[in-house]
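In case you want the letters, here they are:
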Amino acid sequence: MEATTGSRLHRINWVTTLFLVLTPLVGLIWGALHIHAMGVGASEVAVFFFYVCATGFSITTGYHRHFSHGSYECSRIVKVFYLLFGAAAFQHSVLSWCSDHRRHHKHLDHDDDPYSITRGFFWAHMGWLLVTDHKKAEDFSNIPDLLADPWIRWQHDYYVPISVFMGFVVPFALGWTVGHPWGFVLWAGIFRVVLVHHSTFLVNSLAHRIGSRPYLRAITARDSMITAFLTFGEGYHNFHHRFATDYRNGVARGAWDPTKWIIRGLEMVGLAWDLRRV
């Protein structure tokens, strides 16, 4: 029994587990005390929404559609923005994120899928992050194109200092200029991290449980406007798994997909090109 318990404890990814557990706990306790004592300032709400959008869309337009699937090309300044604010999302480096995601697409609903919904809703949502199993097999051999990019390698090599600096130090500095440094850390740091984390996680969990399957019925991925509203437009998941390289997720004209609108906007001003469509 002791050996079994020890082996289970050894499997736990303690850094990630503590971060995912403590951020909502700290947000709940500190947030209640801070709001009770200081109220909610307009500047705090503004920086919260900026950071939600900057980090959330760096994951959807950057990590996902650009880096993972190559659904469009973009300028270096846009790419660097993705690398900086994507790190601030605290979902690991582009290399790690995209390697796992390409493995998910290749082995969808099978054992080699790192966050397969077949292992349960919680596993797909965040349970897979709490153990070291999938990281033991990580070798990045499935992302040679990304490994060849020096900017992406730089982000991977310095991921921790970049994420802490962009995710907490910058909000603190911005807050200092208006006299609310810790309020900015709470709203643009803690609150925002929790929201963007679970928005992203829903693509792995909820998007495989609710909705329709108009393109591929043999897989668990589903299209749902509800999921799309909760995930920056990433809820048309059945379409995405059928046509993964399309820059759109919600392909219909009226589909809620702000990520595709941003990519199209970048194209209009010359910062993105070669948008792939089916």
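Use the structure listed above.
Quantities reported herein were computed from a predicted structural model and do not represent experimental measurements.

Procedures and definitions
- All residue numbers refer to position in the chain's written sequence, counted from 1.
- Note on the predicted model: pLDDT of at least 70 is required for a residue's local features to be given, and 80 or more for side-chain atom pairs to be given and counted; whole-chain, interface and lining totals, by contrast, use all residues.
- Hydrogens and water molecules were not included; the side-chain quantities draw on all heavy atoms of the structure.
- The helix count covers DSSP runs of H or I at least four residues long, the strand count covers runs of E at least two residues long, and both are numbered beginning at the N terminus.
- By this rule, a helix spans an expected 1.5 Å times one less than how many residues it contains.
- Classification of residues uses two cut-offs on accessible area relative to the type maximum, computed with a 1.4 Å probe and protein chains only: under 20% is buried, over 50% is exposed, and between them is partly exposed.
- Stacked, tilted and edge-to-face are the three classes applied to pairs of Phe, Tyr and Trp rings, where Trp contributes its six-membered ring and a pair requires centres within 6.5 Å; stacked means planes under 30 degrees apart, edge-to-face means over 60, and tilted covers the rest.
- By the criterion adopted, a ring carries a charge over it if an Arg CZ or a Lys NZ lies within 6 Å of its centre and within 35 degrees of its normal.
- Counting of polar contacts relies on pairs of N or O atoms within 3.5 Å, with two restrictions inside protein: one atom must be capable of donating a hydrogen and the other of accepting it, and residues adjacent in sequence are counted only when both atoms are side-chain atoms.
- Between two residues, a contact is recorded if the distance between any of their heavy atoms is within 4.5 Å.
- Angular values range over 0 to 180 degrees, each being the angle between N-to-C directions of two axes fitted as lines to C-alpha atoms, with helices fitted over their stretch in contact.
- An angle below 35 degrees is treated as roughly parallel, one above 145 as roughly antiparallel, one from 65 to 115 as roughly perpendicular, and anything else as oblique.
- Just so you know the grouping, Ala, Val, Leu, Ile, Met, Phe, Trp, Tyr, Cys and Pro go in nonpolar, Asp, Glu, Lys and Arg go in charged, and all remaining residues, Gly too, go in polar.

Undergrad: Got a minute to help me understand helix H5 (residues 94-106) in this structure?
TA: For an α-helix, 3.6 residues make a turn, and residues three or four places apart therefore share a direction. Compared with an ideal rise of 1.5 Å per residue, which puts 13 residues at 18 Å, H5 spans 18 Å between its outermost C-alpha atoms and is within 8% of the ideal. Here H5 lies mainly inside the structure; twelve of its 13 residues are buried. Turning to H5, its buried residues number three or more, namely Val94, Leu95, Ser96, Trp97, Cys98, Ser99, Asp100, His101, Arg102, Arg103, His104 and His105.

Undergrad: What should I look at first to understand the packing of aromatic side chains in this one?
TA: Remark: the centre distance and the inter-plane angle together describe each pair of aromatic rings, the angle taken between the planes. This model, assessed by the stated rule, comprises 22 aromatic pairs. Considering the side-chain rings of Trp30 and Trp182, the 6.4 Å spacing of their centres and the 65° angle between planes classify their relative orientation as edge-to-face. Placement of Trp30 in helix H2 (residues 14-38) and of Trp182 in helix H11 (residues 181-204) is noted, with a sequence separation of 152 residues between them. A relative accessible area of 52% means that Trp182 is categorised as exposed. Taking 5.4 Å as the distance between ring centres and 70° as the angle between the ring planes, the aromatic pair formed by Phe48 and Phe49 counts as edge-to-face. Residue class for Phe48 comes out buried when judged on its relative accessible area of 12%. The rings of Trp30, Phe172, Trp176 and Trp182 are connected pair by pair, giving a single aromatic cluster. Directly above the aromatic system of Trp123 lies the positively charged group of Arg119, at a separation of 3.8 Å from the ring centroid.

Undergrad: What is the right way to read the side chain of His240 from this model?
TA: Inspection of the secondary structure assignment puts His240 in helix H13 (residues 237-242). Within the structure, the side chain of His240 is placed 3.1 Å from the side chain of His105, a separation counted as a polar contact. Here His240 is in contact with His64, His69, His101, His105 and Asn249, once residues within four sequence places are set aside.

Undergrad: What is the right way to look at the side chain of Ser199 in this model?
TA: Following the sequence through the fold, Ser199 ends up in helix H11. Using a relative accessible area of 6% as the deciding quantity, one classes Ser199 as buried. Not counting residues up to four positions away in its chain, the partners in contact with Ser199 are Leu230, Thr231 and Phe232.

Undergrad: How should I be thinking about the packing of helix H3 (residues 42-68) against helix H14 (residues 258-268) in this particular structure?
TA: The relative placement of two packed helices is expressed as an angle between their axes plus a distance between the axes. Two numbers describe how H3 lies on H14: the axes approach to 10 Å, and their chain directions differ by 75°. Considering their axes alone, H3 and H14 lie roughly perpendicular with respect to each other. Contact with H3, carried on its side by Phe57, Thr60, Thr61 and Arg65, involves Pro258, Thr259, Lys260, Ile262 and Ile263 of H14 and no other residues of that element. Of the residues contributing to the contact of H3 with H14, the split by class is four nonpolar, three polar and two charged.

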